[in-house]
Amino acid sequence: MISITKRFGGVLRSVSRCINLPNCKRQCVGVRTHLCTVGHVNTSFQCSKDELRRLRSLERHFKRKLRSVHQRFADVPDSNVIVGRHHVYAEDGHGVYRLARGLGEGDMEQVLCADWARGVAGTIQRVRLSATEAMLAATVQDNDSENTRCILVQLGHSVVPQKPMLILDKVFSFEWASDDMLFYTTQEALQCRHVFRLHLSETGANSILVYEENDPEFFIEVSHTRDQRLLTLNCSSKSSSEVWLIDSMAPFSRPRLVHPRQPGLLYHVEHAGGQLYILANTGPAQEYQVLRAYPCSPGMQHWEPVFSPEPGAVIKDMEVLQDHCVCTVREPQGRLQLHTFPLSAPNHVAALQLPLWACAVETQRLSTEDRGACSLLLSSPVHPPVCYLLSPKELQPLSQEDEPQHTLPREGHTTRLWAHSQDGTAVPLTLFHMQALEELREAPLLVHVYGAYGLDLNMAFSPEKRLLLDHGWALAYCHVRGGGECGLAWHRAGRLQLKHKGVEDLTASIHTLFSSGVSQPALTALTARSAGAVLAGALCNQHPQLLTAVLLQAPFLDVLGTTQDPSLPLTVEERGEWGDPLADPQQRDNIASYCPCHNITPQLYPSVLITAYSGDSRVPFSGVLKYVERLKRAVQTHASSHSGHVPAVILDSQPGGDHFGPEAFDQSLSESARQLAFLYTVLGLDYPGSPLQRTRQKKKPST
């Protein structure tokens, strides 16, 4: 079945990227890009026409390259496939399609269209299929905002839906309890506080509120246990969580609390074999461990520990199959492993080593009926996803499905390094490169950082990153404190009063790369998005000499100004990450000490390209403008008393309010191509097919 889903998903992506591209272009008509550059000492955002013309020319070149590399990897497997009882379903952003099981190369039927979300020109985000395959629901997000609508369609074995059965507004998460019962949350101003139960009957559709969250620091999401027996209402803040259960067999029953929220306690709940399996930070050093309890007595006092990783290792994810538990574990040395154990004998733990290149693991169920196995997609930023089948009961529990069509070239390297931060803490780095480590001194280097909210850096496959690798770049991923790579303690060590530790870790990481023979400041660029820009911006203020170019996307730069405005959507909810400067002067002083916008001084900064969205509700555009104006003035002041190079400060202001970037493929390609053009221009790099490269090739002596 996996080979079918792999082919099916690849076909859909290929179709969407070829057939639907004209539609994407139509959506982009009228989009104007404002590039504001300080290339000389100016007092306005007037751009150098020559520089813009050069950038646009390179942008067109790299857009062609990116389109080609996306087509090259269009058939790689992904997780946008659902296997029902009778059909295989997949989505491509514009529609949901199905193929009857067992037909192999049969015709695909479209069962849902994103255009059915009347009033929203958007992209499909989530898809949920009811257990008996009678109903399908999908949310469509507006391409210019984060507004969503949920489309419900009634399925038949032979009849293809021609219109939606029902459309719900502002739906964020949703799950089917049965064919006629849908639970969903609504989102207002980026906050989810209400859970509704939708009952579909012969007399019509009726929605009833079943849960309301009153704490503004909490966000609620509805999900399903893997066996579909329980619905979970997951209430989470930055530092604690609480779970309520609803029996899918009794959807009209009131939600039942597992354990009340308490400061510092984080937990998640699964179900199998009549027992709850709980992933909670009750292990040593407040890290995650697996526990179990009976649904009739779910409180913490009844939790029984069943698995904890070895010291220094951390659990990154948990899947509970029919009769086994599977934990994704990051070893002390940074590699990923799978730890499996039978639910009936949790002491019999088997450790399965993953390939050295595997940096991201995504699990997907084989069907709506749990068969005791699951599919895994292993990838890295430069290695396309490879599909593995995990069957813990088999003699060979982990097997590769089919021969992968795309792999990393033999000369490709995945190197794990350690940097020692200012306080002596060892900070992990992951480096991808084609040349040997000792041959990287002249290679361009792109450094990645995030370091916030306890989230890992995105290490999934990216065609853009593979293009850079193939062109000789070294790609470094700095797993600094504040992120989640090394567990919950790693997050705690880089938030609130300790946020500056992430900046120190990033500084040490770049120094370690240079001292290891990887690149040099003149060839080094740093990239970050959203909250990762806090560390990137702070580094530019403190150690600008380490970099030549910086890419920031939807950047959070005015931390102090934003956290002092409780009227903004996320200010209250995110106090657990940044602090409350209005209530605590010490927290205000701490934020002010590292805030990128409030620590700009006249000095030689690296050149910066900032991509921001004017309607972004997560990161106020006014804060980005404030940062750009202050940085521009600092650059001008420094240039007025120093001769030589003047860095560029470029603001790429895009319309719309999607914080996560454009959904339209063509628009996304343009944005990525513009960033590559900026990097090659600022770092002074030749690019394949450039006039300088062609001249050099002509001068090569013939043999």
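Notes on the structure in this doc start here. Only a predicted model underlies this, so the values are computations on that prediction, with no experimental measurement involved.

Some words on the pattern of salt bridges
- What the rule picks out here adds up to 28 salt bridges.
- Here Glu188 makes a salt bridge to Lys170, at a shortest N to O gap of 3.2 Å. Of this pair, Glu188 sits in strand β11 (residues 181-188) while Lys170 sits in the loop between β9 (166-169) and β10 (171-178); the two residues are 18 residues apart in sequence, bridging distant segments of the chain.
- Overall, the relative accessible area of 45% leaves Glu188 in the partly exposed class.
- Judged by relative accessible area, Lys170 falls into the partly exposed class, the value being 40%.
- With a closest N to O distance of 2.8 Å, Asp505 and Arg481 form a salt bridge. Note that Asp505 is positioned in helix α6 (residues 500-515) and Arg481 in the loop between β33 (474-478) and α5 (488-492), a separation of 24 residues in sequence. Exposure class is identical for Asp505 and Arg481. Each is buried.
- What you see here is one network of salt bridges that share partners, running through Asp423, Arg481, Lys501, Glu504 and Asp505.

Looking at the packing of aromatic side chains
- In the structure shown here, the tally under the stated rule is 11 aromatic pairs.
- When the ring of Phe172 is compared with that of Phe219, the centres are 5.3 Å apart and the planes differ by 85°; the resulting orientation is edge-to-face. With Phe172 in strand β10 and Phe219 in strand β14 (residues 219-224), the pair connects residues that are 47 residues apart, well separated along the chain.
- Judged by its relative accessible area of 25%, Phe172 falls in the partly exposed class.
- Overall, the relative accessible area of 15% leaves Phe219 in the buried class.
- Seen in terms of ring centroids, Tyr184 and Phe196 are 5.5 Å apart; in terms of plane orientation they differ by 20°. Their pairing is stacked. Of this pair, Tyr184 sits in strand β11 while Phe196 sits in strand β12 (residues 191-201), and the two are 12 residues apart along the sequence.
- Residue Tyr184 is classed as buried on the basis of its relative accessible area, which comes to 6%.

Cut-offs used in this document
Residues numbered from 1 in each chain as written. Predicted model: local features only at pLDDT ≥ 70, side-chain atom pairs only at ≥ 80, totals over all residues. Heavy atoms only, no water. Salt bridge = Lys/Arg side-chain N within 4 Å of Asp/Glu carboxyl O. Helix = DSSP H or I, 4+ residues; strand = E, 2+ residues; numbered from the N terminus. Buried < 20%, exposed > 50% of the residue type's maximum accessible area, 1.4 Å probe, protein only. Phe/Tyr/Trp six-rings, centres within 6.5 Å; stacked < 30°, edge-to-face > 60°.

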